Amino acid sequence: MLKKDRYRAFVEYFSTHNPDAQTELNYSNPYELLIAVILSAQCTDKRINQITPALFERFPVVEALAAASVDEVFSYIRSVSYPNNKAKHLVGMANMLIEKFNGEVPEQIEDLIKLPGVGRKTANVISSVVYNKPAMAVDTHVFRVSNRLGLTSRATTPLAVEKQLVKFLPEETIAVAHHWLILHGRYICLARKPKCEICPITYMCKYYETQFLKTTHRKSNSGKEQIV
């Protein structure tokens, strides 16, 4: 299957079966989403959703978070990965929002990445989810799934994956395609053992075509002449 055909099949399938895919992080405004995404780095959405209700209740607005001590913020997020650094980032982020952005979460990638704790992936999430911009956030799921499907080729860095996806996806689908790839990677195309046997999109998948079927054939013909 040619790359353009894979992209067409990918968009057609998910546009039909999950047209309104969304983040699984719980939030009610851009400020809360920014906090949740910063905390979610190398941590599960499930864990973040467990600790953010109390955090949001204690720091309901950016001014409250900016006035907090790092130690107090740490006490609310101690169960997430790298809580010391993330506590510092949250307080620093809140102060910069007030000092440079009038307390509002900025819209532009260039402004978002200036905030403590905000890298390109986080900035793209905010830009696409909050402002519906054609931004592609590349996490481990997006990186893995896009390469396995064959949507990207020879892309060895998140930025390279991002550039290829943005180039070939229809612009109006980029924001939601981010969620399609994440959710597929989270529940079907697992890192160690992808669930190819129940995957509904194997017909478009390069990994299934070149790796899974070959491995299955070898196992089923153990002790016999192998065709590879």
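The structure displayed is predicted, hence computed values, not measured ones.

A look at the UniProt feature "binding site: [4Fe-4S] cluster" (unreviewed entry) in the chain
Listed under "binding site: [4Fe-4S] cluster" (unreviewed entry) in the UniProt record, and renumbered for this structure, are Cys189, Cys196, Cys199 and Cys205. What stands out for the annotated residues spanning 17 residues is how close their C-alpha atoms remain, the widest pair being 10.7 Å apart. In this structure, Cys196 sits in the loop between helix H11 (174–187) and helix H12 (206–220). When its relative accessible area of 9% is taken as the criterion, Cys196 is described as buried. Mapped onto the elements, Cys199 comes out in the loop between H11 and H12.

Brief notes about the environment of Val161
Within the fold, Val161 resides in helix H10 (residues 158–168). On a C-alpha basis, the gap between Val161 and Asn147 in space is 8.1 Å, while along the polypeptide they are 14 residues apart. Once residues lying within four places of it in the same chain are set aside, the contact partners of Val161 are Val138, Phe143, Ser146, Asn147, Thr152 and Ala155.

Remarks on the packing of helix H3 (residues 45–58) against helix H5 (residues 70–77)
As a packed pair, H3 and H5 sit with axes 9 Å apart at the nearest point and diverge in direction by 150°. Comparing their axes, H5 and H3 come out roughly antiparallel. On H5, the residues touching Ile51, Ala54, Leu55 and Arg58 of H3 are Glu72, Tyr76 and Ile77. Counted by class, the contact of H3 with H5 contains 5 nonpolar, no polar and 2 charged residues.

Considering the environment of Met1
Relative to the helices and strands, Met1 resides in the segment before helix H1 (3–17). Put simply, Met1 and Ala123 are 122 residues apart on the chain and 33 Å apart in space, counted from C-alpha to C-alpha.

Considerations on the UniProt feature "domain: HhH-GPD" (unreviewed entry) in the chain
Mapped onto this structure's residue numbering, the UniProt feature "domain: HhH-GPD" (unreviewed entry) falls at residues 39–187. Its end C-alpha atoms 21 Å apart, residues 39–187 is made of 65% helix and 0% strand.

Quick look at the domain arrangement of the chain
Along its sequence, the chain is carved into domain 1 (1–20 + 134–196) and domain 2 (28–129). Just the C-alpha atoms count here: the centres of domain 1 and domain 2 sit 26 Å apart. Taken together, both faces of the contact between domain 1 and domain 2 bury some 690 Å²; the carbon and sulfur share is 58%. Its largest share of buried area at the contact with domain 2, domain 1 owes to Ala135, Ala137 and Glu162, together 48% of the area lost on that side. For the pair domain 1 and domain 2, the interface holds 2 salt bridges. Linking Arg186 and Asp45 is a salt bridge whose minimum nitrogen-to-oxygen distance equals 3.2 Å. Joining domain 1 to domain 2, the criterion identifies 4 residue pairs in polar contact (both at pLDDT 80 or more). Of all elements in the fold, only H10 and H11 reach the threshold of two or more residues within the side of domain 1 that touches domain 2. Considering every element that reaches the side of domain 1 that touches domain 2, the biggest residue donor is H11, with 4 residues. Each residue belonging to the side of domain 1 that touches domain 2 can be placed in one class, and the counts come to 6 nonpolar, 2 polar and 3 charged.

Reading the values: the criteria
Residues numbered from 1 in each chain as written. Predicted model: local features only at pLDDT ≥ 70, side-chain atom pairs only at ≥ 80, totals over all residues. Heavy atoms only, no water. UniProt positions renumbered as here; feature names shortened; annotations may be inferred. Helix = DSSP H or I, 4+ residues; strand = E, 2+ residues; numbered from the N terminus. Buried < 20%, exposed > 50% of the residue type's maximum accessible area, 1.4 Å probe, protein only. Contact = heavy atoms within 4.5 Å. Axes fitted to C-alpha atoms, helices over the stretch in contact; angles between N-to-C directions. Parallel < 35°, antiparallel > 145°, perpendicular 65-115°, else oblique. Nonpolar A, V, L, I, M, F, W, Y, C, P; charged D, E, K, R; others polar. Domains from an automatic or database assignment. Buried area = accessible area lost by both parts, 1.4 Å probe. Salt bridge = Lys/Arg side-chain N within 4 Å of Asp/Glu carboxyl O. Polar contact = N/O pair within 3.5 Å; in protein donor to acceptor, adjacent residues only side chain to side chain.

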